[in-house]
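So you can see what is in the structure, the chains are spelled out below.
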Amino acid sequence: MIKISNLHASINGKEILKGLNLEVKAGEIHAIMGPNGAGKSTLASVLAGREEYEITEGSVDFDGQDLLELSTEDRAREGLFLAFQYPIEIPGVSNINFLRTSLNEIRDYKGEEQISAKDFLAKVKEKSALVELDSKLASRSVNEGFSGGEKKRNEIFQMAMLEPKLAILDETDSGLDIDALRIVANGVNKLKSDKNATIVITHYQRLLDYIIPDFVHVLYDGRIVKSGTKELALELEEKGYDWIKAEVEAH
Amino acid sequence: MGYTENELAKDLENQEYKFGFVTDIESDKAPNGLNEDIIRFISAKKNEPEWLLDHRLKAFATWKTMTEPSWAHVHYTKPNMQEICFYSAPKQTKKYESWDDVDPEMKETMKKLGISMEEQKRLTGVAVDFVMDSVSVATSFKSKLNELGIIFCSFSEAVQEHPELVRKHMGTVVPTSDNYYAALNSAVFTDGSFCYIPKGVRCPMELSTYFRINEGGTGQFERTLVVADEGSYVSYLEGCTAPQRDENQLHAAVVELIALENAEIKYSTVQNWYPGNKEGIGGIFNFVTKRGICERNAKISWTQVETGSAVTWKYPSCILKGDNSVGEFYSVAVTNNYQQADTGTKMIHLGKNTKSTIISKGISAGKSQNSYRGLVQIHKNATNARNFSQCDSLLMSDECGAHTFPYIECKNSSAKIEHEATTSKIGEDQIFYCQQRGIHIEKAISLIVNGYCKEVLNQLPMEFAVEAQKLLEISLEGSVG
Ligand SMILES: Nc1ncnc2c1ncn2[C@@H]1O[C@H](COP(=O)(O)OP(=O)(O)O)[C@@H](O)[C@H]1O
Ligand SMILES: [Mg+2]
């Protein structure tokens, strides 16, 4: 699905990603954990195609394509989805209008017909039920005046609508109470198939009680320094990140 | 790859004027320049009654004593009145009975304007009075309006057919001495539209006029007068687009609205005069005086979407004379490249319990300058007057400017006046968010801008709103490959 090799990226002349390697196969869920400032959001932004970052070295293969050569919107149209850590508000643009535009742009790119109003509304109904999103929120302006939890749920709702190949969830769990957490996790689990993959960026292991990852990676100082299974997450929860730091510095 | 703000700004500067084309119809022109003889020529051409010629000559005498105003936040070379042609009319003298009789070349023009025959036929419910240059050449839906006693015709026709109505109301809202350009218009106006809605009649369709400047160097001096008699209602649409030009063209219109007791007038404008090229050469100078007066319980709403002109100077205003009268102003003004706009409104509260609402959305791109200038005036006797103003500015580049000049004069302590203002830059985050959802940059901008203008666009009649959205998109479109 995606293969990241020796990725180096910097912003304002400061190197943030320092030779990152990661491979995710179809059907897998990977968790990326790491302390604040490690570069987790940077990785997500670089993959999504945020312009501010300069890629100085490395390559990313996305389903046989050179991801770094694709424009931001084409990456999305090829099936890369980012659930934002801080979802953006767009006043005056209804969630519905936004999603329909998005869906139709993706369809257009694939040479498919525009979705009919009827099919679209049916889909909205189905997918908003999946994340238990109040149907009123669907017609409100994109994220405007949404609570923190509603914004996060809205991201998962959009993901459900767009059915991406690869979804990257950037701290979608932070700021969620336990019920919201369960709902979001439930949404992700239901959308899981052997054709798509998910990268879950998180700070806490508690999300991983609900979304069971196939692999857990530790991102530290711009690199994946340790990989393992769910047990690694529990170990991190117990010991914190200091032992990782000690281990890295010992090398 | 995606876009940075600077690249985006550059692309916005490169957009070409989409409606640039010239129709080749021989004109019947007056010699350039302005003097009493020219005014007599115009009046004679139009076969006007004596009182109207006198009105013109008086206005001309007043105008000669005035100087061009310079308080607006705009800079331009003042037009040389002796180089302007003040009258030009298409050759045909015959009026068209139906759209089918219209000159094919004119039809072509209308097609480019997006008001093709086919579309017109489908758009039942919209009567169009098409003004090419200074003479109205086609009017439709007349009989339907006739049945209700509604008069909707060119200004010249109204002078011939309904002189008493014109004489009674013309100049009562905008006196000839009001300002430099209103005085000029009063002296040399060539044509425009006239509308009268009788007592208690609700006009069943939107009345729509397309204005157009067609002759190089022809000054355009439109005159519009809308009278809504007691308890009547009308929604009036004015839209325009002009061919690409090199020399500056002066446009100084006067619009007067009269809403008698319990009447309501909704006046919507989509303005798209040629703004000049991306170096700031050419383009229309648009100096407009628009004002309405409300008697008791009457309401006037101005809605405007302004995307064109090199220089715009325009303040649709309401005189809230009668008790309980209501004035509204909803505006979107887009400036790009070297465009300059100084626009806003005046709400003059004279009556008790009068209410006004001002929603202004400015969008500046390129090196343009966009100013809001508003006056809310509460007079001594205007007990319980209320005003709410909201003025937002959206900046698309680092080189453009947005300015707000809100003036408040309050002489009655029971008044409630609220003013809100914001300035924001179009968010890179918002654009990135859209792009991450597969939305192309131009569509993303159009989506964000339309969202920002929603409160104003919502005020427009449906088919006009669609056109306005298209115009916003074109105005801010970059040449993204
Ligand atoms: N615009 C910027 N200029 C300079 N440094 C930045 C910028 N944005 C983020 N950083 C730095 O990049 C590092 C990684 O940030 P981030 O990817 O957000 O970390 P995480 O998501 O793992 O908490 C941090 O040290 C942060 O301060
Ligand atoms: Mg982060």
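Attention here is on the structure that accompanies the text. (Residues numbered from 1 in each chain as written. Chains lettered and ligands numbered in written order. Predicted model: local features only at pLDDT ≥ 70, side-chain atom pairs only at ≥ 80, totals over all residues. Heavy atoms only, no water.)

Structural notes on the overall build of chain A
For step 1, the next point in the chain: Secondary structure summary: chain A contains nine helices and twelve strands in total.
For step 2, the next point in the chain: Computed over C-alpha atoms, the radius of gyration of chain A comes to 18 Å, within 12% of the 18 Å expected from 2.2 N^0.38 for 251 residues, which places it in the range of a compact globule.
For step 3, the next point in the chain: On the principal axes, the C-alpha backbone points of chain A span a range of 60 × 40 × 35 Å.
For step 4, the next point in the chain: In chain A, the share of contacts with a sequence separation of at least 24, taken over all contacts with a separation of at least 6, comes to 69%.
For step 5, the next point in the chain: The averaged location of the 43 negative side-chain charges in chain A is 4 Å from the averaged location of its 31 positive side-chain charges. (Helix = DSSP H or I, 4+ residues; strand = E, 2+ residues; numbered from the N terminus. Rg over C-alpha atoms; globule rule 2.2 N^0.38 Å. Contact = heavy atoms within 4.5 Å. Lys, Arg positive; Asp, Glu negative; His and termini not counted. Charge placed at Lys NZ, Arg CZ, Asp CG, Glu CD.)

A few points about the sheet that holds strand 6 (residues 80–83) of chain A
Residue and element names in this part refer to chain A.
For step 1, the next point in the chain: One open sheet holds the six strands; their spatial order is 6-9-10-3-11-12, and the pairing between them is mixed. Looking at which strands have only one partner, the edges of the open sheet turn out to be strand 6 and strand 12 (223–228). Adjacent strand axes in the sheet meet at a mean angle of 20 degrees when their direction is disregarded.
For step 2, the next point in the chain: As defined by bridge partners, strand 3 (residues 29–33) adjoins strand 10 (residues 197–202) across five bridges and the pair is classed as parallel. (Pairing = 2+ DSSP bridges. Axes fitted to C-alpha atoms, helices over the stretch in contact; angles between N-to-C directions.)

Re the packing of aromatic side chains
For step 1, the next point in the chain: Using the criterion set out here, one finds 15 aromatic pairs over all chains in the structure.
For step 2, the next point in the chain: Seen in terms of ring centroids, B:Trp313 and B:Tyr315 are 5.8 Å apart; in terms of plane orientation they differ by 70 degrees. Their pairing is edge-to-face.
For step 3, the next point in the chain: Among the residues examined, B:Trp313 registers a relative accessible area of 5% and is labelled buried.
For step 4, the next point in the chain: Each member of the aromatic cluster is reached from another via a ring pair, and the members are B:Phe60, B:Trp63, B:Tyr180, B:Tyr181, B:Phe285, B:Phe287, B:Trp313 and B:Tyr315.
For step 5, the next point in the chain: Positioned over the ring face of A:Trp243 is A:Lys239, at 4.6 Å from the centre of the ring.
For step 6, the next point in the chain: Over the ring of B:Tyr233 we find B:Arg202; its NZ or CZ atom is 4.0 Å from the centre of that ring. (Phe/Tyr/Trp six-rings, centres within 6.5 Å; stacked < 30°, edge-to-face > 60°. Buried < 20%, exposed > 50% of the residue type's maximum accessible area, 1.4 Å probe, protein only. Lys NZ or Arg CZ within 6 Å of the ring centre and 35° of its normal.)

As for the sheet that holds strand 5 (residues 65–66) of chain A
Residue and element names in this part refer to chain A.
For step 1, the next point in the chain: Across the sheet, which stays open at both edges, the four strands sit in the order 2-1-4-5 with antiparallel pairing between neighbours. At either margin of the open sheet sits one strand with a lone partner, and together these are strand 2 (14–24) and strand 5.
For step 2, the next point in the chain: Examined bridge by bridge, strand 4 (residues 54–62) and strand 5 share two bridges and lie antiparallel to one another. Bridge pairing links Phe62 to Gln65 in strand 5.
For step 3, the next point in the chain: Where helix 1 (residues 40–48) meets the sheet, it contacts strand 1 (2–11), strand 2 and strand 4, and its direction lies at approximately 105 degrees from that of strand 1.

Examining the coordination of the magnesium ion (ligand 2)
Residue and element names in this part refer to chain A.
For step 1, the next point in the chain: Taken together, Ser41 (OG) and Gln85 (OE1) make up the full set of protein donors to the magnesium ion (ligand 2), lying 2.1 to 2.4 Å away. Taken together, the residues span a long stretch of sequence, with Ser41 in helix 1 and Gln85 in the loop between strand 6 and strand 7 (90–94) at a distance of 44 residues.
For step 2, the next point in the chain: Judged by relative accessible area, Gln85 falls into the buried class, the value being 17%. (Donors = N, O, S within 2.8 Å, 3.2 Å for Na, K, Ca; no water.)

Brief notes about the side chain of B:Ser360
For step 1, the next point in the chain: In this fold, B:Ser360 is placed in strand 19 (residues 355–364).
For step 2, the next point in the chain: Among all residues touching B:Ser360, those that are not within four sequence positions of it are B:Ser331, B:Tyr372, B:Gln390, B:Cys391 and B:Asp392.

Observations regarding the packing of helix 3 (residues 95–109) of chain A against helix 6 (residues 148–162) of chain A
Residues and elements named next belong to chain A.
For step 1, the next point in the chain: The geometry of helix 3 relative to helix 6 is characterised by a closest axis approach of 10 Å and an angle of 35 degrees between their N-to-C directions. Viewed along their axes, helix 3 and helix 6 form a crossing whose handedness is right-handed. For the pair helix 3 and helix 6, the contacting residues are Asn95, Phe98, Leu99, Ser102, Leu103 and Ile106 in the first and Asn154, Phe157, Gln158, Met161 and Leu162 in the second.
For step 2, the next point in the chain: Split by residue class, the contact of helix 3 with helix 6 holds seven nonpolar, four polar and no charged. (Left-handed = near helix turned anticlockwise from the far one by under 90°. Nonpolar A, V, L, I, M, F, W, Y, C, P; charged D, E, K, R; others polar.)

A short note on the pattern of salt bridges
Residue and element names in this part refer to chain A.
For step 1, the next point in the chain: Under the definition given, this model contains 31 salt bridges over all chains.
For step 2, the next point in the chain: Lys226 is paired through a salt bridge with Glu247; the nearest N and O atoms lie 3.1 Å apart. Within this pair, whereas Lys226 is found in strand 12, its partner Glu247 is found in helix 9 (residues 242–250), the two being separated by 21 residues in sequence.
For step 3, the next point in the chain: Overall, Lys226 belongs to the partly exposed group, its relative accessible area being 24%. (Salt bridge = Lys/Arg side-chain N within 4 Å of Asp/Glu carboxyl O.)

Here we look at the interface of chain B and chain A
For step 1, the next point in the chain: Chain B puts 23 residues into the contact, and the matching count from chain A is 37 residues.
For step 2, the next point in the chain: Counting the surface lost from both chain B and chain A, the interface buries some 2500 Å², and carbon and sulfur atoms represent 60% of this.
For step 3, the next point in the chain: Looking at the side of chain B facing chain A, the largest losses of area belong to B:Phe432, B:Tyr433 and B:Arg437, adding up to 31% of the total buried there.
For step 4, the next point in the chain: Our enumeration of links across chain B and chain A arrives at three salt bridges.
For step 5, the next point in the chain: The interface formed by chain B and chain A holds 15 residue pairs in polar contact (both at pLDDT 80 or more) in total. (Buried area = accessible area lost by both parts, 1.4 Å probe. Polar contact = N/O pair within 3.5 Å; in protein donor to acceptor, adjacent residues only side chain to side chain.)

Quick look at the environment of B:Ala333
Residue and element names in this part refer to chain B.
For step 1, the next point in the chain: Looking at the element boundaries, Ala333 is found in strand 17 (residues 326–335).
For step 2, the next point in the chain: Classification of Ala333 by relative accessible area gives buried; the value is 4%.
For step 3, the next point in the chain: The sequence separation of Ala333 and Arg296 amounts to 37 residues, and the corresponding C-alpha distance is 31 Å.

Describing the environment of A:Gly19
Residue and element names in this part refer to chain A.
For step 1, the next point in the chain: Among the structural elements, Gly19 can be located in strand 2.
For step 2, the next point in the chain: According to the relative accessible area criterion, Gly19 is buried, its value standing at 11%.
For step 3, the next point in the chain: C-alpha separation for the pair Gly19 and Phe120, spaced 101 residues apart in sequence, amounts to 42 Å.

A short note on unusual backbone geometry
For step 1, the next point in the chain: Positive phi values are uncommon outside glycine, yet A:Asp221 reaches one of about 50 degrees.
For step 2, the next point in the chain: A relative accessible area of 36% places A:Asp221 in the partly exposed class.
For step 3, the next point in the chain: At B:Asn262, a residue that is not glycine, the phi angle is positive and equals roughly 60 degrees.
For step 4, the next point in the chain: According to the relative accessible area criterion, B:Asn262 is partly exposed, its value standing at 43%.

Thoughts on the site of ligand 1
All names here are of chain A.
For step 1, the next point in the chain: Around ligand 1, the neighbouring residues are Ile11, Asn12, Lys14, Ile16, Pro35, Asn36, Gly37, Ala38, Gly39, Lys40, Ser41 and Thr42.
For step 2, the next point in the chain: One of the side-chain nitrogen or oxygen atoms of Asn12 is found 3.1 Å away from a nitrogen atom of ligand 1.
For step 3, the next point in the chain: Lys14 has a polar side-chain atom sitting 3.5 Å from an oxygen atom of ligand 1.
For step 4, the next point in the chain: Relative to its unbound accessible surface of 570 Å², ligand 1 loses 64% to contact with the protein.
For step 5, the next point in the chain: Looking at the shell around ligand 1, the elements with two or more residues in it are strand 2 and helix 1.
For step 6, the next point in the chain: Tallied by class, residues from the shell around ligand 1 come to four nonpolar, six polar and two charged. (Near = heavy atom within 4 Å. Areas by Shrake-Rupley, 256 points an atom, 1.4 Å probe, with all protein chains shown as cover.)

Interpretation in functional terms is not warranted from these geometric data alone.
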